[in-house]
Amino acid sequence: MTLAVDLTWMQRALAQAQLAARANEVPVGAVVVMDGRVVGEGHNQCLGQHDPSAHAEVIALRAAAELLGQYRLTGATLYVTLEPCVMCVGALVNARVERVVFGAREPKTGAVLSAFDLLMSDKHNHRVAITEGVLAEDCAAMISGFFSERRHNDR
């Protein structure tokens, strides 16, 4: 994949994150791409759906699986604005996603490279390629701005 292609899809993931922010959700967005087209996308909806599993990645993977009529997403790339957590890494492995591209690292709960490196585990029978740092500054600014505003409003 070229950087230009990754930038395009990450911008779309950022647009999804904006939808989450407008709904007062943690602003994370995700897009699943196969063969140059979007097959699923989503943003955090945990509060709105009253569902702890309604992370952007899971919403996008569910949408892709529904569209394609199968949960194996072999050949898919997931673009996500924030490094996936343990739950989302499990979903990526189970879906057989080929590649994950994320923007900002999540030092506390990131399960790709930061707090854990679960995608690199030799315990899995499936390997997921990783690209990090695509539009990292924009992705990090969206998250930090959201929490900064939240702290300010809680005063």
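Throughout what follows, the structure given in this document is the object of discussion. Nothing here was measured: the structure is a model prediction, and the numbers come from that model. Residue positions are given per chain, counted from 1 along the sequence in the order it is written. The predicted nature of this model means local features are confined to residues of pLDDT at least 70 and side-chain atom pairs, given and counted, to a pLDDT of 80 or more, with totals for whole chains, interfaces and linings taken over all residues. Values shown for side chains rest on all heavy atoms present in the structure; no hydrogens or waters enter the calculation.

**Focus on the state of the cysteines**
Moving on, step 1. For this text, the term disulfide refers to a pair of cysteine sulfurs within 2.5 Å. Scanning the model with the defined rule gives zero disulfides in all.
Moving on, step 2. Just so you know, Cys 46 is unpaired, no disulfide at all, and the nearest cysteine sulfur is the one on Cys 88, 8.5 Å from it.
Moving on, step 3. Per-residue accessibility, obtained with a 1.4 Å probe over protein chains only, is compared with the maximum for each type, and a residue is labelled buried under 20%, exposed over 50%, and partly exposed between these values. The exposure class assigned to Cys 46 is partly exposed, which follows from its relative accessible area of 23%.
Moving on, step 4. Considering cysteine sulfurs only, Cys 85 is the nearest to Cys 88, which forms no disulfide, with 3.8 Å between them.
Moving on, step 5. For Cys 88, a relative accessible area of 0% gives the class buried.

**Considering the environment of Gln 18**
Moving on, step 1. Structurally, Gln 18 is set in helix α1 (residues 3-22).
Moving on, step 2. In this structure Gln 18 comes out as partly exposed when scored by relative accessible area, which is 34%.
Moving on, step 3. On a C-alpha basis, the gap between Gln 18 and His 43 in space is 8.4 Å, while along the polypeptide they are 25 residues apart. Secondary structure elements follow DSSP: runs of H or I no shorter than four residues count as helices, runs of E no shorter than two count as strands, and numbering proceeds from the N terminus.

**Let's talk about unusual backbone geometry**
Moving on, step 1. In this structure, Asp 35 is a non-glycine residue whose phi angle is positive, near 50 degrees.
Moving on, step 2. Here Asp 35 is to be found in the loop between β1 (29-34) and β2 (37-43).
Moving on, step 3. A relative accessible area of 77% means that Asp 35 is categorised as exposed.
Moving on, step 4. Its identity as a non-glycine residue notwithstanding, Leu 135 has a phi of 55 degrees, on the positive side.

**A closer look at the pairing of β1**
Moving on, step 1. A large share of β1 lies buried, amounting to six of its six residues.
Moving on, step 2. Here β1 shows no split at all, with Gly 29, Val 31 and Val 33 on one side and Ala 30, Val 32 and Met 34 on the other all buried.
Moving on, step 3. By the bridge criterion, six bridges tie β1 to β2 in an arrangement that is antiparallel. Note on β2: the bridge partner recorded for Val 33 is Val 38. If DSSP finds at least two bridges between two strands, the strands pair.

**A look at the nonpolar core**
Moving on, step 1. With 40 residues, the main nonpolar core has Met 10, Val 32, Leu 61 and Leu 78 as its most contacted residues.
Moving on, step 2. Those elements that provide at least two residues to this core are α1, β1, α3 (56-68), β3 (77-82), α4 (86-95), β4 (99-104) and α5 (136-153).
Moving on, step 3. Not counting the four nearest positions on each side in its chain, Met 10 is found in contact with Tyr 79, Val 80, Thr 81, Val 101, Phe 102, Gly 103, Val 134, Leu 135 and Cys 139. Note on terminology: a nonpolar core comprises buried Ala, Val, Leu, Ile, Met, Phe, Trp, Tyr and Cys residues joined through side-chain atoms within 4.5 Å. Note on definitions: a residue-residue contact is assigned when non-hydrogen atoms from the two residues lie within 4.5 Å.

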